[in-house]
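# Fold and geometry: a report
This is what each chain is made of:
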Amino acid sequence: MTKETSDDRLMPYQLPFPADAQEEIVIPDAIALDERVWVPQAENVWFRPLCLNRSQGYWMNLLRVRKSGVLSRHRHPQPVHGYVLKGRWHYLEHDWEAREGGYVYEPPGETHTLVVPDDVDEMITHFQVNGVMLYVDPYGAIQGYEDVFTKIDMCRKHYAEVGLGADFTDQFIR
């Protein structure tokens, strides 16, 4: 390893990137003001895609909820990471509350019921969901699912309908 001089530290990397490396995703306005960017998921529930990784089977998005009450009951066979940007929420199955600025790790096998409290007007949380999200009844019977491919389909349909074009989704796909 060679020792860098102070001039070298300010010099960009000088070699080419790998030929098959994917492009980075840079989203300057992640909490979009343009409502068309928010994909409806249910009444008063939207998501804003950040990365839809079909090669590794995960997605990263902002989940925005503008209602109180039960959002969904679901199971995660793979881990989930969440960071609360606005508002707060909790799971019926746990005694903790996810608050603005807080981080949540959900281990594989976790099943829970997401609830937004009555006094929260808007909740926005950044989630990384790996694999599939299984919607279940209180006894674990599967009612539906989401994965990166259903998310891509939802985005394409929505963006075509609002005039951004289905291919608007492509910028988020890796």
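These notes cover the structure that comes with them. The model shown is predicted, which means the values in this text are computed figures rather than measured ones. (Residues numbered from 1 in each chain as written. Predicted model: local features only at pLDDT ≥ 70, side-chain atom pairs only at ≥ 80, totals over all residues. Heavy atoms only, no water.)

## Regarding the packing of aromatic side chains
Evaluation of the coordinates by the stated rule reveals 7 aromatic pairs. An angle of 70° between the planes, with centres 6.0 Å apart, marks the rings of W89 and W96 as edge-to-face. Residue classification places W96 among the partly exposed residues on the basis of a relative accessible area of 31%. Among the aromatic residues, those joined into a ring-pair cluster are W89, Y91, W96 and F127. The ring of W46 is capped by R64, whose NZ or CZ atom sits 4.5 Å from the centre of that ring. The lysine or arginine in question, R66, covers the ring of W46, its NZ or CZ lying 5.7 Å from the ring centre. (Phe/Tyr/Trp six-rings, centres within 6.5 Å; stacked < 30°, edge-to-face > 60°. Buried < 20%, exposed > 50% of the residue type's maximum accessible area, 1.4 Å probe, protein only. Lys NZ or Arg CZ within 6 Å of the ring centre and 35° of its normal.)

## Some words on the state of the cysteines
Structurally, a disulfide amounts to a covalent bond that connects the sulfur atoms of two cysteines. One pass over the full model with this rule turns up 0 disulfides. C155 supplies the cysteine sulfur nearest to C51, a cysteine that is in no disulfide, at a spacing of 12 Å. Taking the relative accessible area as the measure of exposure, C51 reaches 12% and is therefore buried. Among the residues examined, C155 registers a relative accessible area of 0% and is labelled buried. (Disulfide = S-S within 2.5 Å.)

## Looking at the sheet that holds strand β9 (residues 110-116)
As summarised here, the arrangement of the 6 strands in space is β7-β6-β9-β4-β11-β12, forming an open sheet in which the pairing is antiparallel. The open sheet is flanked by β7 (97-99) and β12 (142-146), the only strands paired with a single partner. This sheet shows a mean twist of 30° between the axes of neighbouring strands, independent of strand direction. As paired elements, strand β6 (residues 88-91) and β9 share 2 bridges and run antiparallel to each other. Across the sheet, the residue bridging to Y91 is L114, located in β9. (Pairing = 2+ DSSP bridges. Helix = DSSP H or I, 4+ residues; strand = E, 2+ residues; numbered from the N terminus. Axes fitted to C-alpha atoms, helices over the stretch in contact; angles between N-to-C directions.)

## A look at the nonpolar core
L52, W89, V116 and M123 are the most contacted members of the largest nonpolar core, which has 34 residues in total. Put simply, the parts of the chain that give this core at least two residues each are β2 (45-53), β3 (58-65), β5 (80-86), β6, β9, β10 (123-130), β11 (133-136) and α2 (148-161). When residues in this core are grouped by element, the largest group, 5 residues, is from β2. For L52, the contacting residues outside a window of four places in its chain are Y58, W59, V148, K151, I152, C155, T169, F172, I173 and R174. (Core = buried A, V, L, I, M, F, W, Y, C linked by side-chain atoms within 4.5 Å. Contact = heavy atoms within 4.5 Å.)

## Regarding the sheet that holds strand β1 (residues 39-42)
With antiparallel pairing, 6 strands are arranged side by side in an open sheet as β1-β2-β3-β10-β5-β8. Each edge of the open sheet carries a strand with a single partner, namely β1 and β8 (103-106). Taking the axes of each pair of neighbouring strands and ignoring which way they run, one obtains an average angle of 25° across the sheet.

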